[in-house]
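# Results of the structural survey
What follows is each chain in one-letter form.
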Amino acid sequence: MDAIEHLLTRGVDKIYPNREALEKVLRSGKKLKLYQGFDPTGTQLHIGHAVGFRKLRQWQDLGHEVIFLIGDGTGQAGDPSGKKTAREKFFTREELRQNGKDYVMQSGKIMRFDGPNPVKILYNSDWLNKLGLVEILDIAGHFTLQQMLERDLYQERLKSGVDLSLREFMYPLLQGYDSVAMEVDLELGGSDQTFNMLAGRKLVSQMLHKEKFVMTVPLLTDAKGTKIGKTEGNVIGLTDEPNDFFGKIMSLGDDAIVNCFTLLTDTPIEETNTMKKKMAEGKNPMVFKKLLAFELTKQFNSTSVAKNAQASFEQTFQDRKTPTDIAEFTTKQTDWDPVELLVATKLAASKSDAKRLVEQNAVELNGQVVSHQLSAISLKNNDIIKVGKKKFLKIHV
Amino acid sequence: MNRQTERINQVLTRGVHEIIGKHTFVAMLHAGKPLRIKYGIDPTATSFHLGHTVPLRKLKEFQELGHIAVFIIGDYTAQIGDPVGKSETRTMLTLKQTQDNAKEFTHLAAKFIDIGKAEVHFQSSWYNTITLEQTIRLMATVTKEQLMRHETFRMREREGKPLGFHEMFYTLLMAFDSVAVKADIELGGPDQKFNFLVTRQVMERYGLNPEAALLLDYLPGTDGAEKMSKSANNFVGLDEDPLVQFEKIMKIRDDDIATFFDLVTNVAIDHDVHPIIAKRQLATQIVSDCHGIQTAQTVDQQFFTNHPQLKNMI
C-alpha cells in the first residue's frame, strides 16, 4: 500500500464525489488546499478528535496545504449536529478564540504547526463576521428549504416535535461558506459533518465553479457504535496526564480495542486482524489493550513517558500494590465520619455516593475495609485511603 | 359623537378589511398620544401603482389625526421579493437595482402623504450594517414550524416546488423593520396578515410592545380581478401617461366603482349618476392626484373627443 492509497483508505469513511476522482487528482501530483474546522465550544480535545488530526497529518506529510480552521464565527450559531434540542449556551467571540488557541496547543501533539509546510491556523470570524445581509441572502438563495430539511438531524427533530429555530439552519450555510472563503479543494471531517460539508461542496461549485472534495472520517466508537473518548464526565483528553491517560484507555471496553488500533495508530491491519482473531479464540483482551494504551501514550507523549505510565499502571492495578506517587490530603482533623471524609476528599461525588461506596465495602483504610458499621475512623500521617480499584489518597495530618 | 371620534371611526372603517390587535389599537388611538404608523413598500420596479396609494392615503389620514407616518422603502426585502402567493422562487435583485428603482419613491409618496412631516427610511440604513450575530439573533426569534404556517410556503411544500431558503428571510426582515422603527401600527393588504403576526412576535422577543396592524381592502384590478398588481398587468401606474391613466379608469367594472371611490378618493360615490359619469369623476380625480388638475381636465376632454359615443351616453 503506497502513501496515497493509505491516505485514501485507512480510517476513511467516505469520499465525495468518489475515491477514484480524488485519487486521479492526487496521482497527477497536484497539491491540494484542504481544511478541517473545529467549533471551539469546549476546551479539551479528546481521542475522538485524533482521528481527524491524524488524517490531516498524513495530508501534511504528503506536502498538501492543511488549514486548521477555528470556528469562532460559526460557533455562535451552534452546530446542531447530534444535538436533539435547540442549543441554549452561546459563547462570546473572545471565549471562542481562547478555546481555539487551546485547541491548537493540544492538537500540536499530532499535527505540526511549525517547520516546513506547517499547518495554517485560520479563524472564520475573519470572513463570517464581515458578511453583510446581502451576502447572507445570496448564500441562502443557493439552498431550498427542502434541501435543508434532508438533514437526518432535522428529520429526527421534526418527528419528535421539537421546534427548530430558524437560526439552526444557518449553520450548514456558514460552514459551507468557509470553503468558498478559503477556496479549498477538500474538506475533512467526521461523518456526522457530512451534510454541512456537502453544503460547502455545493456552494463552492456554484460560487467558485470548482470541485471541492469531501473526505469523512469515521466517528471513534466501540464495536457497538457507542462513541469513545467523550463520555459524560470521562473525557479521554489528548493532554491528560500520562498515567491518567493510560488508565483511561485501560478502562475502555474490550470491543473498542480494534477500532482504536485502526483509527488511532499505524499498526498494520494484518496485525489488528490477528488480535481480533486471538481475542475471539479466548486470549485475554487486556494484553492488547495494554499495547494500545502504550502506543497512544507514546504517540501523544514519548516512549519513556509511556513506559513509566505502563509501569505505574501495572504496579497500581495489577500488582494490587499502592502506587508510590499518589495524591495527598492534608487535614488537621483526625477523627472523621467516613462518609464526610469521602466527600471532603472528593473521593465521592456526594454524601449519598459516599454512603453507597461504604455500604458496598469499596472503601479501605490501609488495606482494611471500612465497615458501614463504623461511625468514625481515626487518621494518622501516611494513612492510605483506597476507594474502588483505582482511587488512592495519602493522608497528611 | 364629536369630530375627533368621528374621524377615528372613519380611519378604522373606511377601506378596512381587518384589524389585528384591535383592542389595544383603538385604545391607543383614543389616548391621543402620537403613534408611529408604519407602511413599507418594496421597490421591485421603478414606480408604484394606484393600489399602493391605498395605504398611503390611510397613512395621510393618520397624519391628519396627529400621528407620525413612518414610510419604509424596502430596498432589502425587494431583493428577495415577497413570496406571498407566488408559486415560483423569483430571481433575486441586487441592492443597486432596488435602490435605482426607489429613486422616485419619495417623490411619488409626497403626492399622497405630507412628506415633510413623515419619516422616510430605507431598510439599508439598518441592514447595510447588521452583523452576522444580529442576523442570527433575529433568526432565533422564530422557528421553522412557525414560518411554515405561511400559506404560500405550505403550498410550495405540498406541490413539491422549491422554497428558497432566502425567501424565509422576507418576513423576518419586515419584522425587524418594525423593531428598528418601533412601530405602533402597521398598514398593509390582507395578504400581509401572516407577516404581521410574525412581526408582532418578533417585536415581543426584542422586548417591544407588539404593533397593531390594519389590513386594508385590496384595490381591484382594472380587469375586475380581486387585486391590482404589476404582475397581473391590471394596474394604473402613478407615473403613467395621464391619458392612458384616464382610459384605464374608464374601463374598470361598474361594480368596482364604489370600491375605487372608497379606497383612492376622499369623496363618496354618488349612486344616482350614470356609471360613466361616476368613472369620469373618478378618473379626473386620479389623474389630478398624479399630474395636477389642469392635465386632468385636458385629458378628460381628449378622452371624450376620442370616444364620442361615450359622450353621447351621458
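Since the structure is predicted, the reported quantities are computational estimates derived from the model, not experimental observations. (Residues numbered from 1 in each chain as written. Chains lettered and ligands numbered in written order. Predicted model: local features only at pLDDT ≥ 70, side-chain atom pairs only at ≥ 80, totals over all residues.)

Glancing now at the overall build of chain B. Per the secondary structure count, chain B includes 17 helices and six strands. Scaling as 2.2 N^0.38, a compact globule of 314 residues should have a C-alpha radius of gyration of about 20 Å, and chain B matches this with 20 Å. Judged by the C-alpha coordinates and their principal axes, chain B covers about 65 × 50 × 35 Å. Counting over 314 residues, chain B shows a buried share of 43%. Partitioning the intrachain contacts of chain B with sequence separation of at least 6 by distance along the chain shows that 74% fall at a separation of at least 24. (Helix = DSSP H or I, 4+ residues; strand = E, 2+ residues; numbered from the N terminus. Rg over C-alpha atoms; globule rule 2.2 N^0.38 Å. Buried ≥ 20, exposed ≤ 12 C-beta atoms within 10 Å, placed from the backbone. Contact = placed C-beta atoms within 7 Å.)

Another aspect to go through is the overall build of chain A. Regarding its fold elements, chain A presents 17 helices and 13 strands. Along the longest, intermediate and shortest principal axes, the C-alpha atoms of chain A span 75 × 50 × 40 Å. A buried classification covers 37% of the 397 residues belonging to chain A.

Okay, the environment of Ser-302 of chain A next. Tracing the sequence through the fold places Ser-302 of chain A in the loop between helix H14 (285-300) and helix H15 (303-318). Ser-302 of chain A sits 14 residues away from Thr-316 of chain A along the chain, and the two C-alpha atoms are 21 Å apart.

Next up on the list: the domain arrangement of chain A. For interface size, the figure often reported is the accessible area lost on association. Residue and element names in this part refer to chain A. Partitioning chain A into domains gives domain 1 (3-217), domain 2 (242-318) and domain 3 (328-396). Computed from C-alpha coordinates alone, the two centres of domain 1 and domain 2 are separated by 30 Å. Each partner contributes to the interface: domain 1 provides six residues, whereas domain 2 provides four residues. For the side of domain 1 that touches domain 2, the class distribution of residues is three nonpolar, one polar and two charged. (Domains from an automatic or database assignment. Nonpolar A, V, L, I, M, F, W, Y, C, P; charged D, E, K, R; others polar.)

In this section: helix H3 (residues 50-64) of chain B. Residue and element names in this part refer to chain B. The terminal C-alpha atoms of H3, which comprises 15 residues, lie 21 Å apart, in line with the 21 Å expected from a rise of 1.5 Å per residue. Across the 15 residues of H3, twelve count as buried, placing the element largely inside the fold. Phi turns positive one or two residues past the end of H3, at Gly-66, with a value near 95°. (Expected span 1.5 Å × (residues − 1).)

To continue, consider the interface of chain B and chain A. In this complex, chain B contributes 27 residues to the contact, which on the side of chain A involves 25 residues. Within the residue set of the side of chain B that touches chain A, elements represented by two or more residues are helix H4 (77-80), helix H8 (132-139) and helix H9 (144-147) of chain B. At five residues, the largest contribution of residues to the side of chain B that touches chain A is made by H8 of chain B. Here the side of chain B that touches chain A is built from residues that sort into 17 nonpolar, seven polar and three charged.

On to the pairing of strand E5 (residues 186-190) of chain A. Residue and element names in this part refer to chain A. Burial runs high along E5: five of the five residues are buried. Examined bridge by bridge, E5 and strand E6 (residues 213-217) share five bridges and lie parallel to one another. Among the inter-strand pairings, Gly-190 is bridged to a residue of E6, identified as Val-217. Considered for its hand, the β-α-β crossover made up of E5, helix H10 (residues 194-208) and E6 is right-handed. (Pairing = 2+ DSSP bridges. Right-handed = clockwise from strand over helix to strand, strands pointing away.)

All names here are of chain B. Examined at the domain level, chain B breaks down into domain 1 (3-216) and domain 2 (242-313). Each of domain 1 and domain 2 has a C-alpha centre, and the two are 31 Å apart. Contact with domain 1, which involves seven residues of that partner, is made by six residues of domain 2. Residues of the side of domain 1 that touches domain 2, tallied by class, amount to two nonpolar, two polar and three charged.

This brings us to the packing of helix H15 (residues 275-291) of chain B against helix H16 (residues 293-306) of chain B. All names here are of chain B. One can describe the packing of H15 onto H16 by two numbers: an axis separation of 7 Å at closest approach and a directional angle of 140°. Considering the angle they form, H15 stands oblique to H16. Relative to H16, H15 is oriented so that their crossing is right-handed. Residues Arg-280, Thr-284, Val-287, Ser-288 and His-291 of H15 form the contact with H16, whose own contacting residues are Ile-293, Thr-295, Ala-296, Val-299 and Asp-300. Per-class residue counts for the contact of H15 with H16 are four nonpolar, four polar and two charged. (Axes fitted to C-alpha atoms, helices over the stretch in contact; angles between N-to-C directions. Parallel < 35°, antiparallel > 145°, perpendicular 65-115°, else oblique. Left-handed = near helix turned anticlockwise from the far one by under 90°.)

Per-residue pLDDT for chain A has a mean of 87; in total, 91% of the residues score no lower than 70. Predicted confidence is poor over residues 81-88 of chain A, with pLDDT under 50, and the contacts of this stretch with residues over four places away or in other chains come to twelve contacts. (pLDDT = per-residue confidence, 0-100.)

In this section: the confidence of the model for chain B. Per-residue pLDDT for chain B averages 93, and the proportion of residues at 70 or more is 100%. Taken together, the chains of this predicted complex give a pTM of 0.80 and an interface ipTM of 0.88.

Time to look at the environment of Lys-248 of chain B. All names here are of chain B. Along the chain, Lys-248 falls in helix H13 (residues 242-250). Sequence separation between Lys-248 and Val-236 is twelve residues, and the spatial gap between their C-alpha atoms is 6.8 Å. Each residue touching Lys-248, except ones within four places of it in the same chain, is listed here: Thr-222 and Val-236.

Here we take up the sheet that holds strand E1 (residues 14-16) of chain A. Residue and element names in this part refer to chain A. With mixed pairing, six strands are arranged side by side in an open sheet as E1-E6-E5-E2-E3-E4. If you trace the sheet from one side to the other, it starts and ends with E1 and strand E4 (120-123), each paired once. Across the sheet, the mean angle from the axis of one strand to that of its neighbour is 25°, orientation sign disregarded. Bridging between strand E2 (residues 33-38) and E5 involves two bridges; their strand directions are parallel. Across the sheet, Leu-34 pairs through a bridge with Leu-186, a residue of E5. Across the sheet, helix H4 (residues 93-107) lies against E2, strand E3 (65-70) and E4, angled at about 140° from E3, the strand it touches most.

Turning next to the sheet that holds strand E1 (residues 16-20) of chain B. Residue and element names in this part refer to chain B. With respect to topology, six strands assemble into an open sheet ordered E1-E6-E5-E2-E3-E4, the strand pairing being mixed. Both outer strands of the open sheet, E1 and strand E4 (119-122), are each paired with one neighbouring strand and no more. The sheet shows a mean angle of 20° between the axes of neighbouring strands, direction not considered. Packed onto the sheet, helix H12 (residues 193-205) meets E1, strand E5 (185-188) and strand E6 (212-216) and runs at close to 165° relative to E5.

This part covers the nonpolar core. In this structure, Ala-140, Leu-173, Ile-249, Ile-257 and Leu-292 of chain A together with Phe-169 and Leu-172 of chain B are the most contacted members of the largest nonpolar core, which totals 101 residues. At seven residues, helix H11 (residues 169-181) of chain B tops the list of elements feeding residues into this core. Look past the residues within four positions of Phe-169 of chain B in its chain and what remains in contact with it is Leu-137 and Ala-140 of chain A together with Ile-80 of chain B. The next biggest cluster of nonpolar side chains, apart from the first, holds 52 residues, and it includes Tyr-39, Ala-109, Leu-263 and Ala-283 of chain B. (Core = buried A, V, L, I, M, F, W, Y, C linked by C-beta atoms within 7 Å.)

Residue and element names in this part refer to chain A. A rise of 1.5 Å per residue sets the reference length of H4, with its 15 residues, at 21 Å; its end C-alpha atoms lie 21 Å apart and thus fit the reference within 8%. Of the residues making up H4, those classed as buried are Leu-96, Asn-99, Gly-100, Tyr-103, Gln-106 and Ser-107. One side of H4 carries all its buried residues, which in axial view fall inside an arc of 120°. Across from the buried face of H4, at angles greater than 90 degrees, the exposed residues are Glu-94 and Met-105. On the buried face of H4, the contacting elements are E2, helix H3 (47-61), E3 and E4. (Arc of directions from axis to C-beta.)

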